[in-house]
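Listed below, chain by chain, are the residues.
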Amino acid sequence: DAEDIGVTVDNGVVTLAGRITTFSQYSAADRAVHRIAGVRAFANDLKVAAFHGGMPDDLEVAALGGGTLNDTEIAKGIADAFDRNVVLSPGITIRVVDGGITLEGTVAWYYQRDAAEATARSTRGVRWVWNMITVTQPAVDAATIEEGITRALVRNATVDAQHVHVQVRGRHVTLTGEVHSLAERQEAAAATWRGTGVSEITNHLRVVPR
């Protein structure tokens, strides 16, 4: 409900504030802002009804209102959802403390890590999710990784590849340069994660609106 959301903009830095009723609304507002041209940075200060805090600062997400599930019920709900998701690895462990979720373990691809977090976040009763899942990839030399990522960026119509620079050390990829929107910055990172051999990314791309 946009009437309950306040928007402030300062030199391309957007802040959303207010109270909403579901975590899905929180996520929808987040996605909407990232699609807007000219946004350089974004702070989502929306709070969902019944939010009580108590989570890590860099994971400031809102709580689901009206939840009455205990930690065992929440854990079972997430485990059942993981079992139904064919892309997820059985090597993921779930820890629940007071409605807060910590995910650990290993997966072969970043999209599996992302899917595990999205599944946990959508489970009733979850207050926040801390994703500590590690992405493991086969050993590939740095030159091959860099070449594969560069080709992927060139093929991606969303990304202006000529302004994105790729540096690889081991399996750690660093992106530098300039993009024109937060959405382009995120898409560059997503394309990089799809590269074979990548296990860690540092995204230093700067958003410079057209």
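Right, let's walk through the structure included here. (Residues numbered from 1 in each chain as written. Predicted model: local features only at pLDDT ≥ 70, side-chain atom pairs only at ≥ 80, totals over all residues. Heavy atoms only, no water.)

1. Describing the overall build of the protein chain
Secondary structure assignment for the protein chain yields five helices and 11 strands. Counting every position in the protein chain, which comprises 210 residues, the buried fraction comes to 39%. Taking the intrachain contacts of the protein chain between residues at least 6 apart in sequence as the baseline, contacts between residues at least 24 apart amount to 63%. Counting every atom, the protein chain has about 11400 Å² of accessible surface; 51% of that belongs to carbon and sulfur. (Helix = DSSP H or I, 4+ residues; strand = E, 2+ residues; numbered from the N terminus. Buried < 20%, exposed > 50% of the residue type's maximum accessible area, 1.4 Å probe, protein only. Contact = heavy atoms within 4.5 Å. Areas by Shrake-Rupley, 256 points an atom, 1.4 Å probe, with all protein chains shown as cover.)

2. Here's the deal with the packing of aromatic side chains
By the definition in use, this model includes one aromatic pair. Between Tyr-110 and Trp-193 the ring centres are 4.2 Å apart and the planes differ by 5°, which places this aromatic pair in the stacked class. Here Tyr-110, found in helix α3 (residues 110-121), pairs with Trp-193, found in helix α5 (residues 182-193); they are 83 residues apart in sequence, far enough to count as distant. For Trp-193, a relative accessible area of 14% gives the class buried. (Phe/Tyr/Trp six-rings, centres within 6.5 Å; stacked < 30°, edge-to-face > 60°.)

3. Observations regarding unusual backbone geometry
Positive phi outside glycine occurs at Asn-11, with the angle close to 55°. Structurally, Asn-11 can be placed in the loop between β1 (5-10) and β2 (13-20). The backbone phi angle of Asp-98 is positive, close to 55°, even though this residue is not glycine. Within the fold, Asp-98 resides in the loop between β4 (92-97) and β5 (100-107). Classification of Asp-98 as exposed rests on a relative accessible area of 54%.

4. With respect to the pattern of salt bridges
In total, this model carries seven salt bridges according to the counting rule given. With its nearest N and O atoms 2.6 Å apart, the salt bridge here joins Glu-178 to Arg-206. Separated by 28 residues along the polypeptide, Glu-178 in strand β9 (residues 172-179) and Arg-206 in strand β11 (residues 206-207) bring together distant segments of the chain. Judged by its relative accessible area of 34%, Glu-178 falls in the partly exposed class. When the shortest N-O distance is used, the salt bridge between Arg-194 and Glu-187 registers 3.3 Å. For Glu-187, a relative accessible area of 24% gives the class partly exposed. (Salt bridge = Lys/Arg side-chain N within 4 Å of Asp/Glu carboxyl O.)

5. Examining the pairing of strand β8 (residues 164-169)
What you see with β8 is a clean split: Val-164, Val-166 and Val-168 sit on the buried side and His-165, Gln-167 and Arg-169 on the side with no burial. Alignment of β8 against β9, held across six bridges, turns out to be antiparallel. Bridge pairing links His-165 to Thr-176 in β9. Here β8 hands over to β9 after two residues, with Gly-170 in that stretch at a positive phi of 65°. (Pairing = 2+ DSSP bridges.)

6. Comments concerning helix α4 (residues 142-155)
Its 14 residues place the ends of α4 20 Å apart at the C-alpha level, agreeing with the 20 Å of an ideal helix rising 1.5 Å per residue. Taken residue by residue, α4 has Ile-145, Ile-149, Ala-152 and Leu-153 as its buried positions. Projection of α4 onto a plane perpendicular to its axis shows the buried side chains occupying an angular sector of 100°, all on one side. Facing away from the buried side of α4 by over 90 degrees, the exposed positions are Ala-143, Val-154 and Arg-155. In this fold, the buried residues of α4 make contact with β8, β9 and α5. Its side-chain oxygen placed 3.2 Å from the backbone nitrogen of Ala-143, Asp-141 serves as the N-cap of α4. (Expected span 1.5 Å × (residues − 1). Arc of directions from axis to C-beta. Polar contact = N/O pair within 3.5 Å; in protein donor to acceptor, adjacent residues only side chain to side chain.)

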